[in-house]
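If you want the building blocks of each chain, they are given just below.
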Amino acid sequence: AGGKSLGDQVKHEIIGIDPGAGIMKAASAAIEEYGLSDWTLIEGSSAAMTATLAKAIKSEQPIIITGWTPHWMFAKYDLKYLEDPKKVFGEAEEIHTVVRKGLKEAHPEAYEFLERFEWTSDEMGEIMTAIQEGQDPAEAAKAWAESHSDRVDAWTADIQPVNGDTFKLSYVAWDSEIASTNLIQYILESRLGYKVTALQVEAGPMWTGVANGDVDATAAAWLPLTHADYWDKYKDQVEDLGANMTGVRTGLVVPSYVEANSIEDLK
Ligand code: PBE
């Protein structure tokens, strides 16, 4: 109601996601660095966060979430990032493909494909939106690969398929990573002859699995900032194949009708 501050209207809550996500660490740092000591970061999941966002938007209530790009929510809703003058959420963030040590020798075909694999946020957005609209993730990835065979051809050209070798991917149930991992699984299976298991885990085990060699690869490493803690811990036990996407971003996000423009406005 009129006169109530934004903080009071949202009960000084920022709607977060799974506690292992790097964005949660950055959001906690933002609370600290912007002096938002009366604010609470709510833990949950990617799915719970988008459900809460949908509800708030339906009733035009203010809400503050931890958000990132690429994500279908920016296509579906009118949203904005709160400015982050202290750069707590970093700057030029990328998504990297990180593999276990020895993968090149063990699975040179998969390694070669993963080394080549790089795409755009618009391309990922096509799969994410299809999933959000109700398509099964594996089906959405398959449909995308079939309608973009020129891309898939380039990523797999001249790689000799294997004969049913097993391969393990790890990822977290973040919408962006559901899209990328399903696409990689589909290409490894349909074009390169692998039998793939994609383990859906928390962020910690996603990294640990690659570091200890239980998992062959993950395409869900957000660097240099979002997963800096995991990177610092495991960098000597993994191999970084570089960015599979550049120009990604994380931050605090609100519907455009929310009056705040900067994290500083939350104080
Ligand atoms: N995210 C999406 C993840 C990486 C991918 C930004 C939610 C994170 O915060 O760790």
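Residues numbered from 1 in each chain as written. Predicted model: local features only at pLDDT ≥ 70, side-chain atom pairs only at ≥ 80, totals over all residues.

- As recorded in an unreviewed UniProt entry, the protein goes by the name Glycine betaine-binding protein OpuAC, listed as coming from Paenibacillus woosongensis.

## Brief notes about the site of the ligand
Here's step 1: The immediate surroundings of the ligand are formed by Ile-17, Ala-21, Gly-22, Ile-23, Trp-68, Trp-174, Ser-176, Glu-177, Ala-203, Trp-222, Thr-226 and Thr-250.
Here's step 2: Of all the secondary structure elements, the ones that give two or more residues to the shell around the ligand are α2 (22-33) and α10 (175-190).
Here's step 3: A breakdown of the residues in the shell around the ligand according to their chemical character gives seven nonpolar, four polar and one charged. (Near = placed C-beta within 6 Å. Helix = DSSP H or I, 4+ residues; strand = E, 2+ residues; numbered from the N terminus. Nonpolar A, V, L, I, M, F, W, Y, C, P; charged D, E, K, R; others polar.)

## Observations regarding the UniProt feature "domain: ABC-type glycine betaine transport system substrate-binding" (unreviewed entry) in the protein
Here's step 1: Here, the residues flagged by UniProt with the feature "domain: ABC-type glycine betaine transport system substrate-binding" (unreviewed entry) are residues 5-146 and 168-267.
Here's step 2: From the first C-alpha to the last, residues 5-146 spans 50 Å; its make-up is 48% helix and 15% strand.
Here's step 3: A helix fraction of 32% and a strand fraction of 35% characterise residues 168-267, whose end C-alpha atoms lie 45 Å from each other. (UniProt positions renumbered as here; feature names shortened; annotations may be inferred.)

## Overview of the packing of helix α8 (residues 137-147) against α10
Here's step 1: Close contact between α8 and α10 brings their axes to 8 Å; oriented N to C, the two are set at 65°. Every pair of crossing elements has a handedness; the one defined by α8 and α10 is right-handed. Facing α8, whose interface residues are Pro-137, Ala-138, Ala-140, Ala-141, Lys-142, Trp-144 and Ala-145, α10 presents Ile-178, Asn-182, Leu-183, Tyr-186 and Ile-187.
Here's step 2: Looking at side-chain class alone, the contact of α8 with α10 contains ten nonpolar, one polar and one charged residues. (Axes fitted to C-alpha atoms, helices over the stretch in contact; angles between N-to-C directions. Left-handed = near helix turned anticlockwise from the far one by under 90°. Contact = placed C-beta atoms within 7 Å.)

## Quick look at the packing of helix α7 (residues 121-132) against α8
Here's step 1: One way to put it is that α7 packs onto α8 with a least axis distance of 9 Å and a crossing angle of 140°. In this structure, α7 meets α8 at a crossing whose hand is right-handed. Contacts between α7 and α8 pair Glu-126, Ile-127, Ala-130 and Ile-131 from the former with Pro-137, Ala-140, Ala-141, Ala-143 and Trp-144 from the latter.
Here's step 2: For the contact of α7 with α8, the class distribution of residues is eight nonpolar, no polar and one charged.

## Comments concerning helix α11 (residues 203-211)
Here's step 1: Those residues of α11 not exposed but buried are Ala-203, Met-206, Trp-207, Gly-209 and Val-210. Buried residues of α11 fall within an arc of 160° about the axis and therefore sit on the same side.
Here's step 2: Of the surrounding elements, those touching the buried residues of α11 are β5 (93-100), β6 (166-171), β7 (195-200), β8 (217-223), α12 (228-234) and β9 (238-255). (Buried ≥ 20, exposed ≤ 12 C-beta atoms within 10 Å, placed from the backbone. Arc of directions from axis to C-beta.)

## Some words on the confidence of the model for the protein
Here's step 1: Predicted confidence across the protein gives a mean pLDDT of 97, with 99% of residues reaching 70 or more.
Here's step 2: Interface confidence for the predicted complex, given as ipTM, is 0.96, next to a pTM of 0.96. (pLDDT = per-residue confidence, 0-100.)

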